Amino acid sequence: MSFSIKKEGEIVVVDVEGQLIVGNRQELKQKVLDELERGEKKFLIDFAQTGYIDSSGLGVLVSLSKKIREQGGELRLANLNDELRTLFKLTKLDLLFQLRDDGDGLAGAGVPAPLRPPPRSSGTEERPHGG
């Protein structure tokens, strides 16, 4: 389990790898709050590499959302797998968060889209030779 933070334009992108559970939720919360204290306002949490979120993980996301909104910021979630998307719908958290399947989680919020580069090709296409 690990979290990585990178800046893409005005957006702080947090990649969550593995699981978001009781044992690591505080680490995620602290990383995001540190960025918020530095003046960052736009956050995208990317769950493309996340397999599971427990109730405490959901709780920390709700807490972060509230804190970020209080500071005039915005939090969006991206790339939830089918199971995680179902979890958010069952808990009605899909009404609180804007869930995106792509990397442009803050498109329409004055941020250029997309946040993520398009997927790489399989390498079968021909490329011109330079030189």
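Residues numbered from 1 in each chain as written. Predicted model: local features only at pLDDT ≥ 70, side-chain atom pairs only at ≥ 80, totals over all residues. Heavy atoms only, no water.

> Got a minute to help me understand the nonpolar core in this structure?
Taken as a class, soluble globular proteins show a tendency for nonpolar side chains to be buried jointly. Core analysis: the largest hydrophobic core is formed by 26 residues, its most contacted members being L20, L28, F47, L77 and F88. At the level of elements, β2 (11-20), α1 (25-37), β3 (42-53), α2 (55-70), β4 (74-78) and α3 (82-90) are the ones that each hand at least two residues to this core. The leading source of residues in this core is α2, at five residues. With near-sequence residues (within four places) excluded, L77 lies in contact with L44, I45, F47, F88, F97, Q98, L99 and R100. (Core = buried A, V, L, I, M, F, W, Y, C linked by side-chain atoms within 4.5 Å. Buried < 20%, exposed > 50% of the residue type's maximum accessible area, 1.4 Å probe, protein only. Helix = DSSP H or I, 4+ residues; strand = E, 2+ residues; numbered from the N terminus. Contact = heavy atoms within 4.5 Å.)

> Can you walk me through the sheet that holds β4 in this structure?
Strand pairs in the sheet, formed through backbone hydrogen bonds, run parallel or antiparallel to each other. The mixed open sheet is built from five strands, whose spatial order is β1-β2-β3-β4-β5. Either end of the sheet is taken by a strand with one partner, and the two such strands are β1 (2-8) and β5 (99-100). Contacting β3, β4 and β5, α3 runs over the sheet at an angle of about 110 degrees to β3. (Pairing = 2+ DSSP bridges. Axes fitted to C-alpha atoms, helices over the stretch in contact; angles between N-to-C directions.)

> Looking at this model, I keep getting lost on the pattern of salt bridges. Mind explaining?
Where side chains of opposite charge bring their charged atoms close, a pairing between them can arise. Scanning all chains against the criterion turns up six salt bridges. In this structure, E10 engages K42 in a salt bridge whose closest nitrogen and oxygen atoms are separated by 3.4 Å. Remark: K42 occurs in strand β3 and E10 occurs in the loop between β1 and β2; sequence separation between them is 32 residues. Since its relative accessible area comes to 48%, E10 is described here as partly exposed. Residue classification places K42 among the buried residues on the basis of a relative accessible area of 16%. (Salt bridge = Lys/Arg side-chain N within 4 Å of Asp/Glu carboxyl O.)

> Explain the pairing of β1 here, please?
Here β1 runs beside β2; their pairing, made up of seven bridges, is antiparallel. Bridge pairing links F3 to V16 in β2. Linking β1 to β2, which pair antiparallel, is a turn of two residues; within it G9 sits at a positive phi near 70 degrees.

> Is there a simple way to think about α1 in this case?
Note that an α-helix has 3.6 residues per turn; residues three or four places apart therefore point the same way. The end-to-end C-alpha separation of α1 is 18 Å, in line with the 18 Å expected for 13 residues at 1.5 Å each. Regarding α1, the residues found buried are L28, V32, L33, E35 and L36. Projected onto a plane normal to the axis of α1, the buried residues spread over an arc of 160 degrees and lie on a single side. Taken together, the buried residues of α1 touch β1, β2, β3 and α2. Following α1 by one or two positions, G39 has its phi on the positive side, about 100 degrees. (Expected span 1.5 Å × (residues − 1). Arc of directions from axis to C-beta.)

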